[in-house]
Amino acid sequence: DTGVSQDPRHKITKRGQNVTFRCDPISEHNRLYWYRQTLGQGPEFLTYFQNEAQLEKSRLLSDRFSAERPKGSFSTLEIQRTEQGDSAMYLCASRPGIERGHTDTQYFGPGTRLTVL
Amino acid sequence: KNQVEQSPQSLIILEGKNCTLQCNYTVSPFSNLRWYKQDTGRGPVSLTIMTFSENTKSNGRYTATLDADTKQSSLHITASQLSDSASYICVVSGNNNDMRFGAGTRLTVKP
């Protein structure tokens, strides 16, 4: 499967615990995005990377959230001291860079469903 | 206020029937508009993309229209199938590639 993959698919945790999600983008896609989606809503942008550089962060990304893409390939999203309001689907997407002349189609992974008890 | 508004919020139709979903946006300047299909528990999958100069685009039984003057788009589904049950999300990009997502329309196709 050469699509975007995310791990785990589901995570249940207790309030106050830390969680980490992983995203593996499509090979050679140098842009990687993280979104949060709550029930009945569209995805909300959290942050994006071009290669290993984190270029933009939403104000939704509080100081409890941190994302990394150390080698410009896979990325991790960590949430510290989780709160019940963090319960959501966390989606990762990737796309080729604009400089290659591709359209800006983002390819989404299946998401990680987080439930904070 | 969301810059991309979709209607209806949810829709139930019988298998074989047609339906039309609406998307109104205020994003400006405008670069392109996409419709995504999102199955329950899955990530969104792109159906169509239209730029300013395009006013219709088809992908099988899905046909999207765009009126850039009135900033409206529609997604028409013909001869619906049970597998069309999903959320349909309208996404509008500005010139800086900032993507604005609508809340989606939840479509249920019943046998």
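I will try to describe carefully the structure that is included in this document. On a predicted model such as this, the values are computed, not experimentally measured, just so you know.

Residue and element names in this part refer to chain A. Strand order across the open sheet formed by four strands is 1-3-8-7, with antiparallel pairing between neighbours. Two strands in the sheet have a free side with no partner beyond their single neighbour: strand 1 (5-7) and strand 7 (65-68). Averaged over neighbouring strand pairs, the angle between their axes works out to 15° when direction is ignored. Sheet topology note: the strand 1/strand 3 (residues 19-24) ladder contains three bridges and is antiparallel. By the bridge assignment, Gln-6 is partnered in strand 3 with Cys-23.

With that settled, consider the nonpolar core. Tyr-25, Leu-33, Trp-35, Leu-75, Tyr-88 and Val-92 of chain B are the most contacted members of the largest nonpolar core, which totals 24 residues. Elements represented by at least two residues in this core include exactly strand 3 (19-25), strand 4 (32-38), strand 5 (45-51), strand 7 (62-67), strand 8 (72-77), strand 9 (86-93) and strand 11 (105-110) of chain B. Ignoring sequence-local partners within four residues, the contact set of Leu-33 of chain B consists of Cys-23, Tyr-25, Thr-48, Ile-49, Met-50, Leu-66, Ser-73, Cys-90, Val-91 and Val-92 of chain B. Counting 19 residues, the second largest nonpolar core, distinct from the first, contains Val-4, Phe-21, Leu-32 and Trp-34 of chain A.

Time to look at the sheet that holds strand 1 (residues 4-7) of chain B. Residue and element names in this part refer to chain B. If you walk across this open sheet you meet the five strands as 1-3-8-7-6, and the pairing is antiparallel. Of all strands in the sheet, those bounded by a partner on one side alone are strand 1 and strand 6 (56-59). The average angle at which neighbouring strand axes cross in this sheet is 15°, direction not considered. Looking at chain direction, strand 1 and strand 3 are connected through four bridges and run antiparallel.

Another aspect to go through is the pattern of salt bridges. Scanning the model with the defined rule gives seven salt bridges over all chains in all. In this structure, the salt-bridge partner of Asp-24 of chain A is Arg-22 of chain A, at a minimum N-O distance of 2.7 Å. Classification of Arg-22 of chain A by relative accessible area gives partly exposed; the value is 33%. Linking Asp-84 of chain B and Arg-61 of chain B is a salt bridge whose minimum nitrogen-to-oxygen distance equals 2.8 Å. Placement of the pair is Asp-84 of chain B in the loop between strand 8 and strand 9 and Arg-61 of chain B in the loop between strand 6 and strand 7, with a sequence separation of 23 residues.

What follows is about the packing of aromatic side chains. Under the counting rule described, the total for this entry stands at eleven aromatic pairs over all chains. Judged by centre distance (5.0 Å) and plane angle (15°), the ring pair of Tyr-33 of chain A and Tyr-48 of chain A falls under stacked. Pair noted here: Tyr-33 of chain A is in strand 4 (residues 31-37) and Tyr-48 of chain A is in strand 5 (residues 44-50), with a separation of 15 residues, a long-range link. Comparing Tyr-33 of chain A with Tyr-48 of chain A, the two get one shared label, buried. Judged by centre distance (6.3 Å) and plane angle (85°), the ring pair of Phe-108 of chain A and Phe-101 of chain B falls under edge-to-face. Of this pair, Phe-108 of chain A sits in strand 10 (residues 107-108) while Phe-101 of chain B sits in strand 10 (residues 99-101), each in a different chain. Both residues of the pair, Phe-108 of chain A and Phe-101 of chain B, belong to the buried class. Each member of the aromatic cluster is reached from another via a ring pair, and the members are Tyr-33, Tyr-35, Phe-45, Tyr-48 and Phe-108 of chain A together with Tyr-36 and Phe-101 of chain B. Lying over the aromatic face of Phe-74 of chain A, Arg-22 of chain A brings its terminal NZ or CZ to 3.9 Å of the ring centre.

Before going further, it helps to spend a moment on the interface of chain A and chain B. Residue-level contacts link 18 residues of chain A with 17 residues of chain B. For the pair chain A and chain B, the number of links is zero salt bridges. Between the two partners, chain A and chain B, sit five residue pairs in polar contact (both at pLDDT 80 or more). Taken together, the elements giving at least two residues each to the side of chain A that touches chain B come down to strand 4 and strand 9 (88-95) of chain A. With three residues, the single largest contributor to the side of chain A that touches chain B is strand 9 of chain A. Residue classes in the side of chain A that touches chain B are distributed as seven nonpolar, eight polar and three charged.

Conventions we followed
- For every chain, the first residue of the written sequence is number 1, and numbering continues from 1 along that sequence.
- Chain A is the first chain written and ligand 1 is the first ligand written, with later ones labelled in order.
- In keeping with the model being predicted, local features are shown solely for residues with a pLDDT of at least 70 and side-chain atom pairs are shown and tallied solely at 80 or more, while totals for entire chains, interfaces and linings include all residues.
- Note that water and hydrogens are dropped before the side-chain values are worked out from all heavy atoms of the structure.
- Strands are treated as partners if at least two bridges between them are detected by DSSP.
- Secondary structure elements follow DSSP: runs of H or I no shorter than four residues count as helices, runs of E no shorter than two count as strands, and numbering proceeds from the N terminus.
- In this analysis an axis means a line fitted to C-alpha atoms, helices contributing only their contacting stretch, and an angle means the value between N-to-C directions, from 0 to 180 degrees.
- Here, nonpolar core refers to any group of buried Ala, Val, Leu, Ile, Met, Phe, Trp, Tyr and Cys residues whose side-chain atoms link them within 4.5 Å.
- Any residue under 20% of the maximum accessible area for its type is buried, any over 50% is exposed, and the rest in between are partly exposed; the area is computed with a 1.4 Å probe on protein chains only.
- Two residues form a contact once any of their heavy atoms are found within 4.5 Å.
- Any Lys or Arg side-chain nitrogen found within 4 Å of a carboxyl oxygen on Asp or Glu counts as a salt bridge.
- Two rings from Phe, Tyr or Trp (for Trp, the six-membered ring) form a pair when their centres are within 6.5 Å of each other. A pair whose planes differ by under 30 degrees is stacked, one over 60 is edge-to-face, and the rest are tilted.
- Geometrically, a lysine NZ or arginine CZ counts as sitting over a ring once it is within 6 Å of the ring centre and also within 35 degrees of the ring normal.
- Each polar contact in these results corresponds to two N or O atoms within 3.5 Å; when the atoms are within protein, one needs to be able to donate a hydrogen and the other to accept it, and residues that are neighboring in sequence are counted only if both atoms are side-chain atoms.
- For this classification, Asp, Glu, Lys and Arg are treated as charged, while Ala, Val, Leu, Ile, Met, Phe, Trp, Tyr, Cys and Pro are nonpolar and the rest, including Gly, are polar.

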